[in-house]
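Each chain is listed here by its residues.
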Amino acid sequence: MKPICIDANVFIASTKGDETYSSDCRRVIQAVADGKFYLIEPTICLTEVIRNISKYLGVEAGKIQENNLRRMVSIWELCDDHFCTSAGYTGALYGTYSLDSIYLETALKHHAVFVTLDDKDFLQLIKGRVGIEVYHPKEFF
């Protein structure tokens with residue numbers, strides 16, 4: 001089984017179900033549920049997913065997604081001062097935004113496959129440069 005880090009935007013699009021790549025996002029998450037990967041996430045993922053799902057679909061839906069995430073994640077990467085410092089330097093090196101750098105640092109630290117919906121401002125900056133597999137959900141296996 002390989003490690004995988006999935007950007008919060010993939011969980012959000014999967015749960016909302018009405019976005020262009022929602023079905024592709026569900027396929028990525030299903031690969032974890034099927035045991036093909038084990039999930040590694042930065043703790044900030046909880047904040048992003050709960051906030052967005054609660055905003056768009058209601059607090060109960062946010063709670064359901066929180067519980068789903070807690071069950072799915074094998075390793076939580078704590079966003080402490082040392083980790084965030086490292087992510088800051090990673091972001092500077094690759095030209096990524098701060099929050100994107102946290103996900104990238106998580107994937108790099110664990111040599112994980114990385115999946116994000118953020119194509120232009122993130123994926124295209126790192127693809128082929130970071131030494132790990134990176135995918136948009138539409139091109140994921």
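Everything below is about the structure printed above this text.
These numbers were taken from a predicted model, which means no experiment stands behind them.

Colleague: Can you explain the overall build of the chain? Please cite residues and give values.
Modeller: On a plain count of helices and strands, the chain comes out with seven helices and five strands. Starting at the N terminus and ending at the C terminus, the chain contains elements arranged as β-α-α-β-α-α-β-α-α-β-α-β. Taking 141 residues into account, the globule formula puts the C-alpha radius of gyration at 14 Å, and the chain, at 14 Å, falls close to it. A principal-axis box enclosing the C-alpha atoms of the chain has dimensions of 40 × 30 × 30 Å. Within the span of the chain, comprising 141 residues, buried residues form 47% of the whole. Long-range pairs, those at least 24 residues apart, make up 65% of the contacts in the chain with a sequence separation of at least 6. When the accessible surface of the chain is split by element, carbon and sulfur atoms take 52% of a total near 7,100 Å². With 15 positive and 19 negative side-chain charges, the chain shows a separation of 4 Å between the mean positions of the two kinds.

Colleague: Tell me about the state of the cysteines, and name the residues and values.
Modeller: Within this structure, the stated rule accounts for zero disulfides. No disulfide involves Cys 5; its nearest neighbouring cysteine sulfur is the one of Cys 45, lying 7.7 Å away.

Colleague: Help me get a handle on the pattern of salt bridges, residues and values and all.
Modeller: Considering all chains together, one arrives at seven salt bridges under this definition. Residue Glu 66 pairs with Arg 70 through a salt bridge whose shortest N-O separation is 2.9 Å. In this pair, Glu 66 and Arg 70 are both assigned in helix H4 (residues 59–72), four residues apart and thus about one turn of the helix distant.

Colleague: Provide a residue-level description of the environment of Leu 99, including the pertinent values.
Modeller: Of note, Leu 99 is situated in helix H6 (residues 98–109). Apart from residues lying up to four places away in sequence, Leu 99 is in contact with Ile 44 and Glu 48.

Colleague: Please set out the sheet that holds strand S1 (residues 2–6) residue by residue, giving values where relevant.
Modeller: Across a sheet, strands are paired by hydrogen bonds formed along the backbone, either parallel or antiparallel in direction. Taking strand neighbours across the sheet as the criterion, the five strands line up as S3-S2-S1-S4-S5 in an open arrangement whose pairing is parallel. The open sheet is flanked by strand S3 (73–77) and strand S5 (134–135), the only strands paired with a single partner. Pairing of S1 with strand S2 (residues 37–42) involves three bridges; the strand directions are parallel. Bridging across to S2, Pro 3 finds its partner in Tyr 38. Across the sheet, helix H2 (residues 22–33) touches S1, S2 and strand S4 (113–115), and the angle it forms with S1 is around 145 degrees.

Colleague: Go over the packing of aromatic side chains with me, naming the residues and quoting the values.
Modeller: Enumeration over the complete set of coordinates arrives at three aromatic pairs. Feature note: the residues Phe 37, Tyr 135 and Phe 140 constitute an aromatic cluster, connected by ring pairs. The ring of Tyr 56 has Lys 16 sitting right over it, with the charged end atom 4.1 Å from the ring centre.

Colleague: Describe unusual backbone geometry, naming the residues involved and giving the relevant values.
Modeller: Trans peptide bonds make up most of the peptide bonds, and negative phi angles are found at most residues other than glycine. We note that His 111 has phi near 50 degrees; this positive angle belongs to a residue other than glycine. Overall, His 111 belongs to the exposed group, its relative accessible area being 65%.

Colleague: Describe the environment of Asp 119, with residues and values.
Modeller: The topology assignment puts Asp 119 in helix H7 (residues 119–126). A relative accessible area of 26% means that Asp 119 is categorised as partly exposed. Setting aside anything within four residues of it in sequence, one finds Asp 119 in contact with Gln 124, His 136 and Lys 138. A polar atom in the side chain of Asp 119 sits 2.8 Å from the side chain of Gln 124.

Calculation criteria
Residues numbered from 1 in each chain as written. Predicted model: local features only at pLDDT ≥ 70, side-chain atom pairs only at ≥ 80, totals over all residues. Heavy atoms only, no water. Helix = DSSP H or I, 4+ residues; strand = E, 2+ residues; numbered from the N terminus. Rg over C-alpha atoms; globule rule 2.2 N^0.38 Å. Buried < 20%, exposed > 50% of the residue type's maximum accessible area, 1.4 Å probe, protein only. Contact = heavy atoms within 4.5 Å. Areas by Shrake-Rupley, 256 points an atom, 1.4 Å probe, with all protein chains shown as cover. Lys, Arg positive; Asp, Glu negative; His and termini not counted. Charge placed at Lys NZ, Arg CZ, Asp CG, Glu CD. Disulfide = S-S within 2.5 Å. Salt bridge = Lys/Arg side-chain N within 4 Å of Asp/Glu carboxyl O. Pairing = 2+ DSSP bridges. Axes fitted to C-alpha atoms, helices over the stretch in contact; angles between N-to-C directions. Phe/Tyr/Trp six-rings, centres within 6.5 Å; stacked < 30°, edge-to-face > 60°. Lys NZ or Arg CZ within 6 Å of the ring centre and 35° of its normal. Polar contact = N/O pair within 3.5 Å; in protein donor to acceptor, adjacent residues only side chain to side chain.

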